[in-house]
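Breakdown of the fold
These are the residues of each chain, in order.
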Amino acid sequence: MRQEHKLLPLFIFDTKHYIRKNIFVLRSSFLLLLCFLSEFSIAQYSVEGRVIDADKKIPLAFVNIAIPGEQSGTSTDIDGKFKLSSSKEFSELTFSYVGYEVLNYPVWKNSKNVIIELQKRSYDLGEIEILPGENPAHRIIKLASANRDKNNPDKIDSYVCNTYSKTYWDLVYNRDEVRSKSDSAKVDSLKSQLRTFSENSHLLMMESVTERKYLYPENLKETVTGTKVSGFKNPSFSTSATDLQPFSFYDDHFMVLGKNYLNPITSGSTSKYFFLLQDTLFQGKDSVFVISYRPYKGKNFDGLEGVLYINSNGYAIQNVIAAPYDKGLVDIKIQQQYSLVNGTQWFPEQLNYELHYKKYPTKYVGMKLTGKSYITNVSFGIPLKKKEFDEKTVVMAVDATEKDESYWAKHRIDTLDAREKKTYVVIDSLGKKQHFDRTLKIFEALFTLQIPISIISIDLNKIVAFNDHEVIRGGIGLHTNDRLSKWFSAGGYIGYGYKDSITKYGFDVKFNLKKNSKDFYVKALYSRDLAEPGKTQYFYTKYNFNRNSMTYRMDFIEQKELSVNFRAFNYLTLNVAYNESFRIPRFDYVFLPDRNDSTATSIGFRSSEIRIKGRYAYKERFIQSFGQMLSDGTKYPIIYFAYTEGIKDLNRFGNYDYRKISAGIEKTFLIKNFGKTKVLAEAGYLNGNVPYSYLFNGNGSNSKGNYLYVDNTFQTMGLYEFLNDRYANLFLSHDFGSLLFKRPKFQPQFVLFTNIGFGTLSYPKQHLNLGFKTMEKGFYESGVLVNNLLRVNYYNIAYLGIGGGVFMRYGPYSEPDVESNLAYKFSLVITF
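What counts, and where the lines are drawn
Residues numbered from 1 in each chain as written. Predicted model: local features only at pLDDT ≥ 70, side-chain atom pairs only at ≥ 80, totals over all residues. Heavy atoms only, no water. Pairing = 2+ DSSP bridges. Helix = DSSP H or I, 4+ residues; strand = E, 2+ residues; numbered from the N terminus. Axes fitted to C-alpha atoms, helices over the stretch in contact; angles between N-to-C directions. pLDDT = per-residue confidence, 0-100. Contact = heavy atoms within 4.5 Å. Core = buried A, V, L, I, M, F, W, Y, C linked by side-chain atoms within 4.5 Å. Buried < 20%, exposed > 50% of the residue type's maximum accessible area, 1.4 Å probe, protein only. Salt bridge = Lys/Arg side-chain N within 4 Å of Asp/Glu carboxyl O. Polar contact = N/O pair within 3.5 Å; in protein donor to acceptor, adjacent residues only side chain to side chain. Phe/Tyr/Trp six-rings, centres within 6.5 Å; stacked < 30°, edge-to-face > 60°. Lys NZ or Arg CZ within 6 Å of the ring centre and 35° of its normal.

One open sheet holds the three strands; their spatial order is β4-β1-β7, and the pairing between them is mixed. Here the strands that pair on one side only, and so sit at the sheet edges, are β4 (81-86) and β7 (111-118). On average, adjacent strands in this sheet sit at an angle of 30 degrees to one another, irrespective of strand direction. With six bridges joining them, strand β1 (residues 45-53) and β4 adopt antiparallel strand pairing. From the neighbouring strand, V47 faces β4, where its bridge partner is L84.

Quick look at the structure:
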């Protein structure tokens, strides 16, 4: 808050000679005296304190504080703290805050540690009606929207800053659930059990220090230089300014917990949100407009509610409070505070969030996560180079967990309070006793479905599997882990199918080529197992359990393979392999290798292949956490491709010459006020005379008795209804979310689909006993899914949404009977 003040008269000797001979001394003395008198004048009357909610005792950010009759004043920071100084004497302050009663509070000169409690008003924003005429808040919102690029940190050429982040977990009693004497008795019992622990310390506490570098456009690197977690000696995770929210509030959509909310200052937001100009504050020559917002009643979109503080200097966001308008099992609240750096650029100064599981672990006692991040040492125009950035957006320094107390004392914004200090003492002791670090190692292993026991890890992928060929498969897989060596691993597996009564097994050896990287390795393997014939050979980002569980047509395959996996150009992952395999179909199939001789048949197939497959995800970001590099996704298309060269008699093994190419590209488009459109285009081409195992099946997922929706497949097409050596498919879907229909307790989500496929097969008469079709005329289907028709409360943490829908095939391959063209599907989604 800039203050105008009067200086006390300054008297100097009226001696021209003295002035001329000692101008430097006189000027210096004047400036020193000026600084002293200014400081004395400003600090002559001051008040320091904190503003909190009278009921919940939580700090209130951005509360307006004014001296009655004066334009001077201030506001609380993001932690509810304030300091007001004036050259004029005052005896009263006025505290005003959106949704709370105005409070006039008597104060005394130089008061400190004043606690101000504000009471909530009896009405909320939803009960206020707009008066006739233009809404005065709209002009301000439109100006803020027009200046978004100017004020958006992501539009700056380059910057470097440091962040100190602190997160803690607490138990919170849910008073709303106390409806009877019995409930009250249960809560009293819980309080008595937890009081000593919860009142003296937090459940858990984390601190981290990071260096953040940014180079326009979209080049970001955060290095965690220090991390500390109560109860852990060597935590492999850290807290961050962007754990729950983006770094700034300027994009069209604001993502929280994976859900995109429409930003209230995006263009056209005045038709979606109700804005109310609550107050106008004055900061020197600038004005700060306090505007509350919420979605208009009857508007179906994912919206926020809260308060915006727009500064007239550049019409930038100075403060923002936001929470999802639709409430669920989890309450979320974010707060952001910006400051004008170097007098030219608005930049985040502090980011806070609260995540409240209201009824977990019990309906009487919930859990709250509170995160605070402070941004300091901001510098613009730093000469950064692109080679300083790669796909690893967040990395931890090698010595991040080894920092001493002098390091933390230097980087903490405030010293730890008594409760925070107690947390480290209590939880560190508990962590040592309960072996938190050992538990963390087990949790890290579960990320890769590996359970470590000494130097051996059990592969959970091999314990049990389901498909329609074996029905159920049991087994075990064992591999050496990092405790033996970080540079290589060796192991194998064995499995047995219930229905086919065949034992499968395999073993492999892998050598890592780069330290602390899972992408650079050489691997050799041998196996005798099952493989689905005609399967697309490039890899998607997600393992499709639903589709694999339907498989009933299998080859028994014995194979040897040597492969090299590496990352090139930051965003490209490649795998190059040499493979020899012998396949025997486990179904009724005969291949005629000689197109002119129908008597020459073959039921076992040998191939020698050189294969390269890759995945290119431009600007995909990875975060180092829990011993892994976890993908944070990308907004750009992801490209998959594979090329296979089959060489006859290579190494005196292969029976076939062929070339096989397949590729796919997928992208999700977020369309403002309309939902999400997802596109997948894929195609494949094979040139050669090969059996069914090496061709392409039609990518269908319509299996008798299985009604699960399977992403990126034809829902009305049988698993092996079509066979091709050339194909092109297009999968389109649009998710409206809750835009079409939304009620407080019923929020169905409508998704529309259209899928198209074309294909050909050069010599269909070579493949006997299959009963397949080809797709020269084009395969067409459309459908609708209504997700979230039924919501099941899952342990008061999330909702398991059950939905359903129908798909219909039409066009050249439709059946005469309408019912035969329909496929009924159900879906499962998780929401908060």
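Alright, that's what it looks like, and here's the rest.
On average, residues of the chain score 84 in pLDDT, and 88% of them are at 70 or above. Confidence drops under pLDDT 50 across residues 1-43; counting only partners more than four residues distant or on other chains, this segment forms 31 contacts. Confidence over residues 124-128 falls short of pLDDT 50; this stretch has 12 contacts with residues more than four positions distant or in other chains.

With that settled, consider the pairing of strand β25 (residues 488-497). Judged from the seven bridges that link them, strand β24 (residues 471-480) and β25 form a sheet pairing that is antiparallel. Note that in β25 the partner of R473 across the bridge is G497. One ladder, built from nine bridges, connects β25 with strand β26 (residues 503-512); its direction is antiparallel. Counterpart to G491 in the pairing with β26 is D508. Between β25 and the antiparallel strand that follows it, β26, lie five residues; S501 among them carries a positive phi value of about 55 degrees.

Buried together is how nonpolar side chains tend to be arranged in soluble globular proteins. Counting 50 residues, the largest nonpolar core has F249, F275, Y293, L304, L308 and I317 as the members making the most contacts within it. Those residues within four positions of F275 in sequence are excluded, and the remaining contacts are N135, A137, H138, I141, P264, S269, T270, I291, S292, Y293 and L308. With 28 residues, the next largest nonpolar core counts F62, V98, V107 and V288 among its residues.

As a rule of thumb, non-glycine residues mostly have phi less than zero, and peptide bonds are mostly trans rather than cis. Each neighbour pair has its own omega, and for Y216 with P217 the value is -5 degrees, a cis peptide bond. Within the element layout of this structure, P217 appears in the loop between β9 (204-215) and β10 (219-229). Positive phi, normally seen in glycine, also occurs at F62, with a value near 65 degrees. Of the residues examined, F62 reaches a relative accessible area of 1% and is grouped as buried. For N699, which is not a glycine, the phi torsion comes out positive at approximately 65 degrees. With respect to the element layout, N699 can be found in the loop between β37 (696-697) and β38 (700-702).

The next thing to look at is the pattern of salt bridges. Going through the model one piece at a time under the given rule, you end up with 35 salt bridges. The partner of D500 in a salt bridge is K504, and the shortest N-O contact between them spans 2.8 Å. Accessibility classification places D500 together with K504 in one group, the buried group. Residue R611 pairs with E561 through a salt bridge whose shortest N-O separation is 3.0 Å.

This brings us to the environment of N162. For N162, the position within the fold is in strand β8 (residues 158-173). Taking relative accessible area as the criterion, N162 reaches 23% and is therefore assigned partly exposed. Here the alpha-carbon distance between N162 and R212, two residues 50 residues apart in the chain, equals 5.9 Å. In contact with N162, other than residues within four places in its own chain, are T210, E211, Y374, I375, T376 and N377. A polar contact is formed between the side chain of N162 and the side chain of N377, at a distance of 3.1 Å.

Evaluated as defined, the whole model comprises 44 aromatic pairs. For the ring pair F275 and Y293, a centre distance of 6.5 Å and an interplane angle of 45 degrees mean the geometry is tilted. You can see F275 sitting in strand β13 (residues 273-283) and its partner Y293 sitting in strand β14 (residues 286-295), a full 18 residues away along the chain. In terms of burial, F275 and Y293 fall into one category: buried. Here the aromatic rings of Y709 and F807 are separated by 6.2 Å at their centres, their planes lie at 10 degrees, and the arrangement is stacked. Linking Y709 in the loop between β38 and β39 (714-718) with F807 in strand β45 (residues 798-810), this pair joins segments that are 98 residues apart in sequence. Overall, the relative accessible area of 17% leaves Y709 in the buried class. Pairwise contacts between aromatic rings join F587, Y589, F591, F605, Y656, Y658, Y692 and Y694 into one cluster. Between the NZ or CZ atom of K228 and the centre of the ring of Y424, over which it lies, the distance is 4.3 Å. For the cation-ring pair, R553 lies above F587, with the distance from its terminal atom to the ring centre recorded as 5.2 Å.

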